[in-house]
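Chain by chain, the residues:
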Amino acid sequence: MFWQFFLSYLAIVIVPVLIVGTVLYVYSIRMIEQQVEKSNVMAMGIFSQNMDRFFEEIKEKSIKLLEFPQLSFLVNEIGVDGQPFTIDTFDRKQAVDALMVELGRMRDYSDMIQDAYLYFAEGNYVISSDGAVDGDYFFNYMNHYSELTDSGRKALFSEKRRLFFPKTMEIQKRQYLTNQIIGSEKIVSAITSYPFYSSPQVFVVVNIREGALRSIIAASDSGAETVVLNESGELISRTGAAEIDPDLLSARIKGAKSGSSQIVLQGTDMKLSFVQSDLNHWWYISLNRLRDVLRPTDFVRNISVLTVGILYLLGIAASYLLSRKMYGPIDEIKHGLEASVPHRIDSAAGVRPDEFDRIKLLSSAIIFENREMSQQLSDIKPILDEIRIGKLVSGECNNLDDLESGPDFATRFSGEMLVCCIGIQFFSEIDERLTENEKRLLTVELKNRIVTGFDQRIWVTELYKQQLVCIVGLPDGGHQGGLRATEKLKDILQEYADCLKATVGVGKFVRSVGDLHDSYKEAVRLLDFKSFTPATEVIRDGHITGHYTNEGYLSLEEVNRLMYLSRISDEQGLTDYITELLVRRAEADITAKYMLGIGQDILNSLVRVSSENSKDDHVLEKYSVLGGKLRKCVSLEEMCAFFGETRELLLATKSTNDARSEIFEEVVRYVQTHYDEELSLELLAGRYSMSLGYFSRSFKETVGEKYVDYVNKVRIAKAKELLTRTDMKIADIAGAVGYIADRTFTTIFKKYEGITPGKYRIMRRG
């Protein structure tokens, strides 16, 4: 009798607890690793965005400096008749002084900038904020690169550069004649050359303190060590004290199939997370000790072991008591089960169950409830399957065992298969009209339409935003089956041709799951050759008709012609010439990627002329949003329409200050009438197509106070009326004036009024 009860106890209690504890332990490990990876990648992404934003501003300031008329004058003056450059005329002195002032402003722009200077390569001459000196004197005493020879320095300033970053180097200041070092600092140089379309004659160099970069990447409370490598795998900056081999990190990153990996450093297992900058291709790397990451799981493991041990001892005791006192313990078990089942269990009419039957009924009820839970889990199986398929094609795993899939999942991936990558781009008019949620729903509808439109096996997942990946099973095999499948896919996509352009990149045929990633990479590569037309198209290897080149998009003569027409405000001539440039390229059957490059060159030329003639210091920032609109163009007609709008904006004659005043008067009215809605800085800036910095500065200049302070004051004023005239709860008043949390409302109210909302109500009501 003892063993009968004890074995039953094991089957009913101990085994499920062991299974649940094991699953919970494994799940907690995976969740913690994923959370740490997500947190690290997010932190690295923020670092990358902050650094990219800073370097973009450096790039804009460098380009603005290179466009100074005084610089063009000095470039023409240096090296004339083979003579060294001297400041021997009033014009030269005036030009040098103007450039020194601009370089001083660039140096003072940020504490991260150590120095900024202009190096005239042909005349071997340097202008900095501190003065104008001979190049050899400057690089030997004022800005000596300790790791570069003279030939290395000449090589550094011999090629065309667009915001080029060499490796981190130490610069030294030395005593003249004695060559004694009087100061040194590690810097990262940002180099831009001029002119852009011929042999460079002058370089603008911005020296950025490596220590300042380290302070930025150290601004994280995750406890992780952070490392920055350049594209060649050389160390730019880092935090922490552990010895790190940059070559090992670079090799591991290039060999990784996703944004995370594991690595062993000095005998310690480390969790490696990384992202790459889109601007300068730097790698931002986060390193966590794996033991520290998994430390919280020790608690789960210990609790599980302790729970199983306690339940095991309780089972022995219960089995013993049951064998000694049959009915007493059975009754206790029955009451325990009844307490576990929230609803009443009734037996058949006219039948009086004994204790054992009652226990069986209660146990059946528990099992039924567990089945309901299992059914709920099965409802999310399609979502889990889509995640698994995404891991297969992205290369995160290359076999089914890594997916922890169900027993029927492997049978779905057999025979010959084909990966198709579908790039989705909404037409400009549709993109502006639809919200992000509406576009998301339309993408889901398209995905479901593809799944239901195929008779053979097909699995669809949205791997990235506006990119669908289809794995098509070919039961008949052969290329004819793949051709029929892609034509069917094209017919389905054609149903949505009125609102989006769809391009299908067809990968190669594979027979194993491990090769799906290679087929996906081939399909993604072919998307670069899509045409600049709104028609739905299918691109296969060997059938590429579009042309693409990595050379410059517009010739120097075409750029000069654009700038000339813009300077003389010839609207019709400028429109006709832009249309001529675009039509001529489109007739050459070039790819959409190349056409967007042509459009970007045209936009850059127009913005440059606008910035030369505008009195607005923030003209480049004001028109930065135009680049995003340009990249959304799908066809020649959309691009021509875009430049028609851009031309009117860039050549507008209305006073900037008057227009800005009207805009911010409208902003003020909007805040006063929509104080109970979302009024974030990002929302309002996006509403008027301004960057955050420009919107914030312009609002303060026009209204007289910061945007955030103005919004809070409007909301607090309305809250004071509600506190005085109504009996609404504090939490309800917070929501009524636009605050999500009442704690936030209380904090802001006290900041502006000096007392809490509750005390204010008491004081006003006496």
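Residues numbered from 1 in each chain as written. Predicted model: local features only at pLDDT ≥ 70, side-chain atom pairs only at ≥ 80, totals over all residues. Heavy atoms only, no water.

**What to know about the environment of glutamate 677**
Then, number 1: As for its position among the elements, glutamate 677 is in the loop between helix H23 (656-673) and helix H24 (681-687).
Then, number 2: In this structure the C-alpha to C-alpha distance between glutamate 677 and alanine 736, which are 59 residues apart in sequence, comes to 8.8 Å.
Then, number 3: Apart from the residues lying within four places of it in its own chain, the contact partners of glutamate 677 are Tyr670 and Arg715. (Helix = DSSP H or I, 4+ residues; strand = E, 2+ residues; numbered from the N terminus. Contact = heavy atoms within 4.5 Å.)

**Section: the sheet that holds strand S7 (residues 202-209)**
Then, number 1: Pairing in this open sheet of seven strands is antiparallel, and the strands run S3-S2-S1-S7-S6-S5-S4 from one edge to the other. Lying at the two open borders of the sheet, with one neighbouring strand each, are strand S3 (131-134) and strand S4 (144-145).
Then, number 2: Strand direction decides the pairing type here: strand S1 (residues 113-120) and S7, joined by seven bridges, are antiparallel. By the bridge assignment for S7, leucine 118 is matched with valine 204.
Then, number 3: Across the face of the sheet, helix H2 (residues 69-77) comes into contact with S1, strand S2 (125-128), strand S6 (181-194) and S7 while running at roughly 45° to S1.
Then, number 4: This element, helix H3 (residues 90-108), spans S1, S2, S3 and S7 of the sheet and lies at about 150° to S1. (Pairing = 2+ DSSP bridges. Axes fitted to C-alpha atoms, helices over the stretch in contact; angles between N-to-C directions.)

**A few points about the sheet that holds strand S11 (residues 268-276)**
Then, number 1: In space, the five strands of this open sheet follow the order S9-S8-S12-S11-S10, with antiparallel pairing throughout. Edge positions in the open sheet fall to strand S9 (235-238) and strand S10 (260-265), since each of these has one partner strand only. Adjacent strand axes in the sheet meet at a mean angle of 30° when their direction is disregarded.
Then, number 2: One ladder, built from three bridges, connects strand S8 (residues 225-229) with S9; its direction is antiparallel.

**Quick notes on the side chain of serine 62**
Then, number 1: With respect to the helices and strands, the residue serine 62 is situated in helix H1 (residues 2-66).
Then, number 2: Here serine 62 falls in the buried class, since its relative accessible area comes to 1%.
Then, number 3: Discounting chain neighbours no more than four positions away, the residues touching serine 62 are Met106, Thr192, Val204 and Val206. (Buried < 20%, exposed > 50% of the residue type's maximum accessible area, 1.4 Å probe, protein only.)

**Section: the packing of aromatic side chains**
Then, number 1: Within the structure shown, the criterion is met by 25 aromatic pairs.
Then, number 2: On the basis of an interplanar angle of 75° and a centroid distance of 6.1 Å, the ring pair of tyrosine 117 and phenylalanine 139 is categorised as edge-to-face. Remark: phenylalanine 139 occurs in helix H4 (residues 135-142) and tyrosine 117 occurs in strand S1; sequence separation between them is 22 residues.
Then, number 3: Residue classification places phenylalanine 139 among the buried residues on the basis of a relative accessible area of 2%.
Then, number 4: Ring geometry for phenylalanine 699 against tyrosine 707: centres 5.3 Å apart, planes inclined by 90°, an arrangement best described as edge-to-face.
Then, number 5: Under the relative-accessibility criterion, tyrosine 707 is labelled buried at 3%.
Then, number 6: Over the face of the ring belonging to tyrosine 577 we find arginine 561, whose NZ or CZ atom lies 5.8 Å from the ring centre.
Then, number 7: Taking the ring centre of tyrosine 739 as reference, the NZ or CZ of arginine 715 above it sits at 5.2 Å. (Phe/Tyr/Trp six-rings, centres within 6.5 Å; stacked < 30°, edge-to-face > 60°. Lys NZ or Arg CZ within 6 Å of the ring centre and 35° of its normal.)

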